[in-house]
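Chain by chain, the residues run as shown.
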Amino acid sequence: MLLSASGFVAAAADFDPTATIRIGSLYEPQNLDNTAGAGQGINEAFNGNVYEALFQLTDAGTVEPRLVESFTTSDDGLTYTFKLKGGVKFHSGDPLTSADVKASIERVTAEASKSSRKKSLSSIAKIETPDDQTVVITLSSRSISLPYNLSYVWIVNDAAGDITGKEDGTGPYKLSEWRRGSALALDKFDGYWGTAPTNDEVVFNYFTDATALNNALLTNAVDVITSVQSPDSLAQFKDNPAFKVTDGVSTTKEILAYNDRVAPFDNVKVRKALARAVDKAKLLNSIWGDYGTLIGSFVPPTDPWYEDLTKVDPYDVESAKALLAEAGFKDGFSFTLDTPDYDPHPIVAQFLQAEFAKIGVKMNINIITPNEWYTKIYKSHDFQATLQEHVNHRDIVFYGNPDFYWGYNNPEVVKLIAESETATSADEQTAKLKQANRLIAEDAASNWLYLYPQIVVSAANVSGYPVNGLNSQFYAYDIKKTP
């Protein structure tokens, strides 16, 4: 049964409000703090479920107020005044106040923060709390995306302290137990300010490979899989009335990221040669069959500034060889690719290794764990090239940050992305980012291999789950399970 991607799966007529929803995933958090390098798994489990923000990115991609009752913007666009919802409590019982909001934003912008959205909030010059229900944010320059960027800021109790192994949020669920390497359990929070969840408990069960994850659903060990990782496994679900398959909209990009700071990847001709050496259509088909999308850049079709740039550096082995020769590498070169150890990265690495060999480039594969990837690649920038899936929505801004792990630094792109944020209209912002996106593609700043499909599979008696993979979040509060 293939369902529409434009919203939530239709709710069941009757459901068990005391049910436990068992969710299967490959993405266990590294810790429980999204400013401490926790990985995409923390977004999946905690965004909107355990923690809420002033605004929420919905499954449809719109930004809506969450903990904000109302807000106003000054005529010059530099001052935002937010009124908070009343009656909101943290899981510890403390009331939500403006001091909590101020502390939460400062957690993200702090020097020690590892949040990928830290730079997006750098225009915040001052945060004031004139009373418990009012937050006033003053900017050093206009920020048309401020409400959107604030949707990434969890509102945490300012008395919570270190949250790498605990939580104190305002969401509809509170943390019950985290069995590292196995599962993370969330209980319904009876003191929740909003609409109560349609279930009593949610358990995220973690698996290290896609086959084990699929088998868990087949054997009724889980109720829903957040994202199927192989099309080969779909046949066992698609024509089986015991299951439902949904094909949603993804923001997850599989990319070969170079360290653009180091030779030979500081040479645009080398990067363009490697882009042209990869038959991306063949790669996508080998991994996903008829699913997934080729995009030619870092911007997916769900972003307003999307443009099909797949023809900028199309597959052309002879052209790739010529570019390498022009760059001074007629006989090729060798480099090492650090790749995470989970699917589909090792398979993609082997495909790339064979493609690059056709143009005389030898690629050595070094398989590392997610923790090693974070320390070695993201934090220390100690790499030549790497594979990674980037899940974030509207994340072209990373190419405007020369300090980001891949080290891309085109002053014109930096300028355009900065100017897009000070735009006075959405049309102006879109035009600037389309221009930046084309420059990034023409520079072959990275090798954008494909956009993942977002395929969610569940038992037939489960409904109400989100079907789109925006930022890898998986809202659980509307999931229903019939007896």
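Cut-off values and rules
Residues numbered from 1 in each chain as written. Predicted model: local features only at pLDDT ≥ 70, side-chain atom pairs only at ≥ 80, totals over all residues. Heavy atoms only, no water. 1 Å grid on protein atoms, 1.4 Å probe; cavity = no way out; pocket = protein on both sides within 12 Å on 5 of 7 lines; lining within 4 Å. Points joined across faces, edges and corners; volume = space filled by probe spheres on them. Helix = DSSP H or I, 4+ residues; strand = E, 2+ residues; numbered from the N terminus. Nonpolar A, V, L, I, M, F, W, Y, C, P; charged D, E, K, R; others polar. Salt bridge = Lys/Arg side-chain N within 4 Å of Asp/Glu carboxyl O. Buried < 20%, exposed > 50% of the residue type's maximum accessible area, 1.4 Å probe, protein only. Contact = heavy atoms within 4.5 Å. Polar contact = N/O pair within 3.5 Å; in protein donor to acceptor, adjacent residues only side chain to side chain. Expected span 1.5 Å × (residues − 1). Arc of directions from axis to C-beta. Pairing = 2+ DSSP bridges. Axes fitted to C-alpha atoms, helices over the stretch in contact; angles between N-to-C directions. Right-handed = clockwise from strand over helix to strand, strands pointing away.

## Some details on the layout of surface pockets
Approximately 1,100 Å³ is the volume attributed to the largest pocket. Among the secondary structure elements, those contributing two or more residues to the lining of the largest pocket are α1 (40-46), α10 (370-379) and β17 (385-390). In terms of residue count, α10 provides more of the lining of the largest pocket than any other element does, 5 residues in total. Considering only residue class, the lining of the largest pocket consists of 20 nonpolar, 18 polar and 7 charged. Taken as a whole, the second largest pocket spans an internal volume of roughly 720 Å³. Only α3 (146-150), α10, α11 (411-421) and α12 (426-442) provide two or more residues apiece to the lining of the second largest pocket. Tallying contributions element by element places α11 first for the lining of the second largest pocket, with 5 residues.

## Some thoughts on the pattern of salt bridges
A complete count under the given rule lists 20 salt bridges for this structure. Among the salt bridges present, the one from Glu177 reaches Arg179, with a minimum N-O distance of 3.1 Å. Under the relative-accessibility criterion, Arg179 is labelled partly exposed at 37%. Look at the salt bridges and you will find they share partners, linking Arg22, Asp223 and Lys481 into a network.

## Concerning the environment of Ser115
Looking at where Ser115 falls in the secondary structure, it is placed in the loop between α2 (98-109) and β7 (124-131). Ser115 sits 81 residues away from Asn34 along the chain, and the two C-alpha atoms are 6.6 Å apart. Apart from the residues lying within four places of it in its own chain, the contact partners of Ser115 are Asn34, Thr35, Val108 and Tyr378. At 3.1 Å, the side chain of Ser115 and the backbone nitrogen of Arg117 are in polar contact.

## Quick notes on the environment of Asn371
Checked against the element boundaries, Asn371 lands in helix α10. A relative accessible area of 46% places Asn371 in the partly exposed class. Along the backbone, Asn371 and Asp308 are 63 residues apart, and their C-alpha atoms lie at a distance of 34 Å.

## Quick look at α2
An ideal rise of 1.5 Å per residue puts 16 Å on 12 residues; α2 measures up with 17 Å between its terminal C-alpha atoms. Within the span of α2, buried status applies to Ser98, Asp100, Val101, Ser104, Ile105 and Val108. One face of α2 carries all of its buried residues, which in axial projection span an arc of 160°. In this structure, the buried residues of α2 make contact with β6 (79-84), β7, β8 (134-139) and α3.

## With respect to the side chain of Glu389
Note that Glu389 resides in strand β17. Only 3.1 Å separates the side chain of Glu389 from the side chain of Tyr342, close enough to count as a polar contact. Once residues within four sequence positions are removed from consideration, Glu389 is found in contact with Tyr27, Gln40, Thr252, Lys253, Glu254, Tyr342, His345 and Tyr452.

## Some words on the sheet that holds strand β18 (residues 447-451)
Taking strand neighbours across the sheet as the criterion, the 5 strands line up as β16-β15-β17-β14-β18 in an open arrangement whose pairing is mixed. The outermost strands of the open sheet, each flanked by one partner alone, are β16 (362-368) and β18. Each strand of the sheet is rotated relative to its neighbour by a mean of 25°, with strand direction disregarded.

## Some details on the environment of Gln353
Here Gln353 is to be found in helix α9 (residues 345-357). Looking at Gln353, the relative accessible area reads 33%, which means it is partly exposed. Separated by 75 residues in the primary sequence, Gln353 and Val278 have C-alpha atoms spaced 9.7 Å apart.

## Considerations on the pairing of β16
Where strand β15 (residues 334-340) lies against β16, 7 bridges are found, and the strand directions are parallel. Bridging across to β16, Thr339 finds its partner in Ile367. With α9 bridging β15 and its parallel neighbour β16, the resulting β-α-β unit is right-handed.

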